[in-house]
Amino acid sequence: MFVMRRTRFSALMTSAGIAALVATAVIAPPATAADDPVTPTPAHSFASVPRRPSVATPPTDQFIVKFKDHARSGSALRAQSLSRAAAKLGATAKEVRATASGARVVRTSKELGDGDADKLLVALRADPAVAYAEPDVRLQAKAANPNDPAFNDQWNLSLKTGGIRATRAWDVTQGAGQVVAVVDTGITSHVDLDANVLDGYDMITDPAISGDNDGRDSDATDPGDFSADNQCGGGVPGSPFSSWHGTHVAGIIAAVTNNRVGMAGAAPGAKILPVRVLGPCGGTVSDIADAILWASGAPVADAPLNLHPARVINLSLGGPGVCPQTFQEAIDTATARGSVVVAAAGNEMAQASDANPANCRNVVSVAASGSTGALAPYSNFGPGVDITAPGGDMRPTTANDPNSGDPNGILSTENDGETTATDTPGTNYYWSEGTSFATPHVSAAAALLMAQMGPTATPAAVVTRLQRTARPITGGCPQGCGAGLLDAASAVLHFSTVIAAGDFTGDGKADVLARENSGFLWLYPGNGRGGWLARQQVGSGWNVFSSVIAPGDFNGDRRTDILARDMAGELWLYPGNGRGGWLPRTKVGSGWQSFTAIVGPGDLNGDGKADVLARDTSGTLWLYPGNGRGGWLTKTKAGSGWNVMTAVVGPGDFNGDRKADVLARDGSGTLWLYPGNGRGGWFPRTKPGAGWNAMTAIAGRGDYSGDAKTDLLAVDTNGTLWLYRGSGTGGFLGRTAVGAGWG
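Residues numbered from 1 in each chain as written. Predicted model: local features only at pLDDT ≥ 70, side-chain atom pairs only at ≥ 80, totals over all residues. Heavy atoms only, no water.

The subject of this paragraph is the packing of aromatic side chains. Counted by the stated rule, this structure contains 27 aromatic pairs. A ring pair is formed by F504 and W582, whose centres lie 5.0 Å apart and whose planes are at 55 degrees; its orientation type is tilted. Residue F504 is located in the loop between β18 (495–502) and β19 (511–516), and its partner W582 is located in the loop between β24 (571–574) and β25 (586–589); the two are separated by 78 residues in the primary sequence. For F504, a relative accessible area of 2% corresponds to the buried category. For W582, a relative accessible area of 22% corresponds to the partly exposed category. (Phe/Tyr/Trp six-rings, centres within 6.5 Å; stacked < 30°, edge-to-face > 60°. Helix = DSSP H or I, 4+ residues; strand = E, 2+ residues; numbered from the N terminus. Buried < 20%, exposed > 50% of the residue type's maximum accessible area, 1.4 Å probe, protein only.)

So this is what it looks like as structure tokens:
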């Protein structure tokens, strides 16, 4: 059974509560936007606000039209039909190609949106000669949604405007092997969470405030944080219900996924390490600081060593004031040990810089957004925020139903007990809102990124990537929302290979192929002016290849081809079809796993056929002359000592002498031009640049700027794609940025 409850954590954030907080150094979970507790609502309230499917055709300039009568297959008759329909919209239309089924791919002179695409289709379908007409829209590859029945209500993880796009990140990693510490109220048993929970620790020292009547021990179970009036200070009202706050936070991070039960966690491969620090009236700075240290694997005097050090530490808690030195020292130690520390920015609609521990150094301070991607109305903001993530906005969406906004909260696991936990594992899920629930989204994304980057990933590198890949806040955020809205997919996905493919689409302009670490292969058609047309996915599963190169026309059909080496060392030819796609692949070699670099330089020996260079482990460079039919002539030795080069690129004719050249970067970052002599060898090398060790990828062949000179593409450590315009004489005219997020 699924029910909803809006939980509140504001008792210690009233003015009286703050006074008590200062006096007793107690930290409470950040408050939500209101104080009054809300009782559970019936199960039927779990259903989402009804969604109406979109039926409008997306904006596009490409359509598929099939004519009924083969007699009408003449180009003039087809052109008449197409022109009549397009003219009504102030556009022209032309055929691009025929499909395998005999239909025609048609492109209009402008992109048709706002209903114009539908109008064109209506006009075409009304033509008695047309069998059918439909938009040739681009489809995006994505991971299949998990089979958890509540996933459709988890807008926060979705590809929607306000979601973190977790499903795309799962194409690469689900966070396996990572431990996330939830420093909170403890944990309760739940059928959708238990499998991902490690043994934690109760770090509360004082039995008088612990809620379980004992001190520190190895039982991190949440006994409930309900309280009586005045229990947490004179005049402070009690909370008749327990929040099960730690269980809710833990479920957001790592609820078991694809188990046909309940919901999905954002990093379902990660494990939760519960560390209990908050009782009915909050928790002390000293206990929380010790919990941070213990979670990171550092020794704590009166606790056993943590055998599962956390790479990420989630602090969905906070209080007012400057960062206590005790906190800062603990956080600095945890960071030095390799842990990313993430904290809630607070729910006071005020400056986040006034809330600790979010305002401590080496902490990722998280503001909250709603389902639209805009800053949530209760969230703190300002320069003290590092990033924003979904925290929910449960304001009613209709005047006559106060619960109508509940599905815009964050759904997660909780216990069903009102005060103390039930004897059996929890089976229900609740919506809540607050920066407390924005924070675990960032913690989960950090775990995904830690898994993807590997054990050497530093907290600074993880945080930098999370911030650099964040999306703009819907409607802007003049108040200050940090780097923007968390995007787990953009953080985890990156291009592992960039290939300057030459003219891959047959339009006479140089294109680029880019392979994601997910294995998706994307085509970026060049516009001939140093930019790109809309990208297209042209393949998936390409992460099985250890090397992908563009040798030019390798099989003699005047179309650009691709060569790819798989993990077994077999070399495959993917013949291009001249329209941005492939003909059936063929195997053109085996035993290529011994080569540390493979390059397609073009015609290096002057016989008019595309060749390949390959460097072996000893540094010997071998020329494999192509035979012009997708195979090889006898290999020859083209050089030695090439293992000092950290990148080898085949740009084609780079110095304007009509002979194919090679560029190579050495360990110091110097870029060397090896001018080809047209006979499979070299003229003396020249130095066209230095400082190229700042580039993570270098690719060339093609005239991308449209000046009839060969250019070079390079990606720097920030993910910026740079176009280096060739001078035509072996140098560069300057560079321009032609893309971001390519890292």
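Read on for the rest.
The next point concerns the pairing of strand β4 (residues 104–112). Pairing of strand β2 (residues 60–67) with β4, which is carried by 5 bridges, proceeds in the antiparallel orientation. Of the residues in β4, the one forming a bridge with I64 is V105. The pairing of strand β3 (residues 93–98) with β4 spans 5 bridges and is antiparallel. Bridged to E95 within β4 is V106. (Pairing = 2+ DSSP bridges.)

The next subject is a positive patch on the surface. A contiguous patch of positive charge on the surface is contributed by K94, R107, K509 and R529. Note that K94 resides in strand β3. Given a relative accessible area of 56%, K94 falls into the exposed group. (Patch = residues over 30% accessible without salt bridge, like charges linked within 9 Å, V, L, I, M, F, W, Y side chains within 5 Å. Areas by Shrake-Rupley, 256 points an atom, 1.4 Å probe, with all protein chains shown as cover. Salt bridge = Lys/Arg side-chain N within 4 Å of Asp/Glu carboxyl O. Lys, Arg positive; Asp, Glu negative; His and termini not counted. Charge placed at Lys NZ, Arg CZ, Asp CG, Glu CD.)

Considered domain by domain, the protein chain is made up of domain 1 (60–135), domain 2 (151–395 + 412–418 + 429–491) and domain 3 (494–739). For domain 1 versus domain 3, the separation of C-alpha centres amounts to 37 Å. (Domains from an automatic or database assignment.)

The feature "active site" (unreviewed entry), as given by UniProt, occupies D184, H245 and S436 in the numbering adopted here. Across 253 residues of sequence, these annotated residues stay compact in space, with a maximum C-alpha separation of 10.1 Å. Take H245: it is sitting in helix α6 (residues 245–254). Judged by relative accessible area, H245 falls into the buried class, the value being 0%. Relative to the assigned elements, S436 resides in helix α9 (residues 435–453). Overall, the relative accessible area of 0% leaves S436 in the buried class. (UniProt positions renumbered as here; feature names shortened; annotations may be inferred.)

Let us now look at helix α10 (residues 459–468). Within the sequence span of α10, burial applies to P459, V462, V463, R465 and L466. When α10 is viewed along its axis, its buried side chains cluster within an angular range of 165 degrees and face the same direction. Tucked into the core, α10 has its buried residues touching α8 (325–336), β12 (340–344), β14 (363–369), β15 (387–390), α9 and α11 (488–492). (Arc of directions from axis to C-beta. Contact = heavy atoms within 4.5 Å.)

What follows deals with the sheet that holds strand β22 (residues 545–552). Strand pairs in the sheet, formed through backbone hydrogen bonds, run parallel or antiparallel to each other. Taken together, 4 strands build an open sheet; the order of strands is β22-β23-β24-β25 and the sheet is antiparallel. Two strands lie at the open edges of the sheet, namely β22 and β25, each paired on one side alone. Strand-to-strand twist in this sheet, taken as the mean axis angle between neighbours without regard to direction, amounts to 30 degrees. Of the strand pairs in this sheet, β24 and β25 are connected by 3 bridges, and their pairing is antiparallel. The residue bridging L571 from the neighbouring strand is G589, located in β25. (Axes fitted to C-alpha atoms, helices over the stretch in contact; angles between N-to-C directions.)

The next subject is the sheet that holds strand β5 (residues 130–135). Taking strand neighbours across the sheet as the criterion, the 4 strands line up as β3-β4-β2-β5 in an open arrangement whose pairing is antiparallel. Pairing within the sheet leaves two strands with one partner each, and these edge strands are β3 and β5. Across this sheet, the average inter-strand angle for adjacent strands is 30 degrees, counted without regard to direction. Along the sheet, helix α2 (residues 75–87) contacts β2, β3 and β4; its crossing angle with β3, the most-contacted strand, is approximately 135 degrees. Relative to the sheet, helix α3 (residues 116–126) contacts β2, β4 and β5, its axis offset from that of β5 by approximately 170 degrees.

Moving on to α3. Every buried residue belonging to α3 is among A117, L120, L121 and L124, and all of these are buried. Mapping the buried residues of α3 onto a view down its axis gives an arc of 100 degrees, with all of them on the same face. Residues of α3 that are exposed and angled more than 90 degrees away from the buried face: V122 and A126. Packed against the buried residues of α3 are β2, α2, β4 and β5.

Time to look at the environment of L466. Here L466 lies in helix α10. A C-alpha to C-alpha distance of 5.6 Å links L466 and A491, two positions 25 residues apart in sequence. Beyond its immediate stretch of four places on either side in the chain, L466 contacts I387, V442, A445, A446, L449, L486 and A491.

Here the focus is the packing of α2 against α3. For any two helices packed against each other, the geometry is given by the interaxial angle and the distance between the axes. It is the contact of α2 with α3, at a shortest axis distance of 9 Å, that shows an interaxial angle of 140 degrees. When the axis of α2 is compared with that of α3, the two are oblique. For the pair α2 and α3, the crossing hand works out as right-handed. Residue-level inspection shows S81, L82, A85 and A86 of α2 in contact with α3, the latter providing L120, A123 and L124. Its residues placed into classes, the contact of α2 with α3 shows 6 nonpolar, 1 polar and no charged. (Parallel < 35°, antiparallel > 145°, perpendicular 65-115°, else oblique. Left-handed = near helix turned anticlockwise from the far one by under 90°. Nonpolar A, V, L, I, M, F, W, Y, C, P; charged D, E, K, R; others polar.)

This paragraph deals with the confidence of the model for the protein chain. In the predicted model, the protein chain carries a mean pLDDT of 88, and 90% of its residues have values of at least 70. Within the model, the stretch residues 1–56 combines pLDDT values under 50 with 150 contacts to residues more than four positions away or in other chains. (pLDDT = per-residue confidence, 0-100.)

Attention now moves to unusual backbone geometry. Of the consecutive residues N356 and P357, the connecting peptide bond is found in the cis state with omega at 10 degrees. Counting through the fold element by element, P357 comes out in the loop between β13 (355–356) and β14. In this structure, R165 is a non-glycine residue whose phi angle is positive, near 60 degrees. Relative to the assigned elements, R165 resides in the loop between β5 and α4 (166–169). Here the phi dihedral of R558 falls at roughly 70 degrees; this positive angle occurs in a residue that is not glycine. Examined against the element boundaries, R558 turns out to sit in the loop between β22 and β23 (561–566). On the basis of relative accessible area, R558 is assigned to the exposed category, the value being 81%.

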